[in-house]
Amino acid sequence: MILTLDIHKEAPGIYVARVENAGVLVTEPAEYNSIEAAISGEASAVPGGFAHFLEVRYYGFSSGTELIEVVAGKATAIADRLVALVAEGHRLGLQ
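Residues numbered from 1 in each chain as written. Predicted model: local features only at pLDDT ≥ 70, side-chain atom pairs only at ≥ 80, totals over all residues. Heavy atoms only, no water.

**Here's the deal with a nonpolar patch on the surface**
- Taken together, the side chains of Ile2, Phe53, Leu67 and Val70 present a nonpolar region at the surface, about 300 Å² in accessible area.
- Mapping isoleucine 2 onto the fold places it in strand β1 (residues 2-11).
- The class of isoleucine 2 is partly exposed, set by a relative accessible area of 47%. (Patch = residues over 30% accessible without salt bridge, like charges linked within 9 Å, V, L, I, M, F, W, Y side chains within 5 Å. Areas by Shrake-Rupley, 256 points an atom, 1.4 Å probe, with all protein chains shown as cover. Salt bridge = Lys/Arg side-chain N within 4 Å of Asp/Glu carboxyl O. Helix = DSSP H or I, 4+ residues; strand = E, 2+ residues; numbered from the N terminus. Buried < 20%, exposed > 50% of the residue type's maximum accessible area, 1.4 Å probe, protein only.)

Structural data, given as structure tokens:
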């Protein structure tokens with residue numbers, strides 16, 4: 001099963017994250033102070049053995065699919081990639 005972690009910026013330094021499976025919440029929405037913290041925290045909050053893959057989404061962009069067990073350790077790289085994609089989307093007038 002592939003879960004989706006959807007992150008939304010509510011205000012500067014406030015990000016709301018939720019993990020879903022086919023639109024059904026797997027974890028309760030939670031607030032974090034950074035995208036990186038949201039990725040790490042939510043990947044760690046998924047019950048063990050519940051699923052094996054996670055896709056992180058931010059502003060319509062996707063990180064691709066990763067093994068849940070490695071996502072927390074790659075949170076910085078995933079966050080940096082998503083922020084770069086969003087910036088490029090703004091530059092191209094897509095956002």
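There's more to say after this.
**Some points on helix α1 (residues 35-45)**
- Here α1 has its buried residues at Ile35, Ala38, Ile39, Glu42 and Ala43. Down the axis of α1, the sector holding all buried residues measures 115°, keeping them to one side.
- Those residues of α1 that are buried are in contact with β1, β2 (14-21), β4 (30-32), β5 (53-58), α2 (68-71) and α3 (75-91). (Arc of directions from axis to C-beta. Contact = heavy atoms within 4.5 Å.)

**Concerning the nonpolar core**
- One finds Leu5, Ile7, Ile39, Leu54 and Val56 to be the most contacted residues of the largest nonpolar core, which totals 24 residues.
- Every element with two or more residues in this core is listed here: β1, β2, α1, β5, α2 and α3.
- The greatest single-element share of this core, amounting to 5 residues, is contributed by α3.
- Beyond its immediate chain neighbours, meaning those up to four positions away, leucine 5 contacts Ala17, Arg18, Val19, Ala38, Ile39, Glu42, Leu54, Glu55, Val56 and Arg57. (Core = buried A, V, L, I, M, F, W, Y, C linked by side-chain atoms within 4.5 Å.)

**Details of unusual backbone geometry**
- Although it is not a glycine, alanine 22 sits at a positive phi angle of roughly 55°.
- By the element assignment, alanine 22 lies in the loop between β2 and β3 (24-25).
- Even without a glycine there, the phi angle at tyrosine 59 is positive, about 50°.
- Of note, tyrosine 59 is situated in the loop between β5 and β6 (61-67).
- For tyrosine 59, a relative accessible area of 38% translates into the label partly exposed.

**Overview of the packing of aromatic side chains**
- Per the counting criterion, the structure on display carries 2 aromatic pairs.
- Centre to centre, the rings of tyrosine 15 and tyrosine 58 are 6.4 Å apart; their planes meet at 50°, and the pair counts as tilted. Taken together, the residues span a long stretch of sequence, with tyrosine 15 in strand β2 and tyrosine 58 in strand β5 at a distance of 43 residues. Like tyrosine 58, tyrosine 15 is buried.
- Ring geometry for tyrosine 58 against tyrosine 59: centres 4.7 Å apart, planes inclined by 85°, an arrangement best described as edge-to-face.
- One aromatic cluster is present, formed by Tyr15, Tyr58 and Tyr59 through successive ring pairs. (Phe/Tyr/Trp six-rings, centres within 6.5 Å; stacked < 30°, edge-to-face > 60°.)

**Thoughts on the side chain of glutamate 55**
- Within the fold, glutamate 55 resides in strand β5.
- Residue glutamate 55 is classed as buried on the basis of its relative accessible area, which comes to 14%.
- Of note is the side chain of glutamate 55, whose polar atom sits 2.6 Å from the side chain of serine 62.
- With sequence-adjacent residues up to four places away left out, glutamate 55 is seen in contact with Ile2, Leu3, Thr4, Leu5, Ser62, Ser63, Gly64 and Thr65. (Polar contact = N/O pair within 3.5 Å; in protein donor to acceptor, adjacent residues only side chain to side chain.)

Bear in mind that shape data such as this cannot, by itself, settle questions of function.
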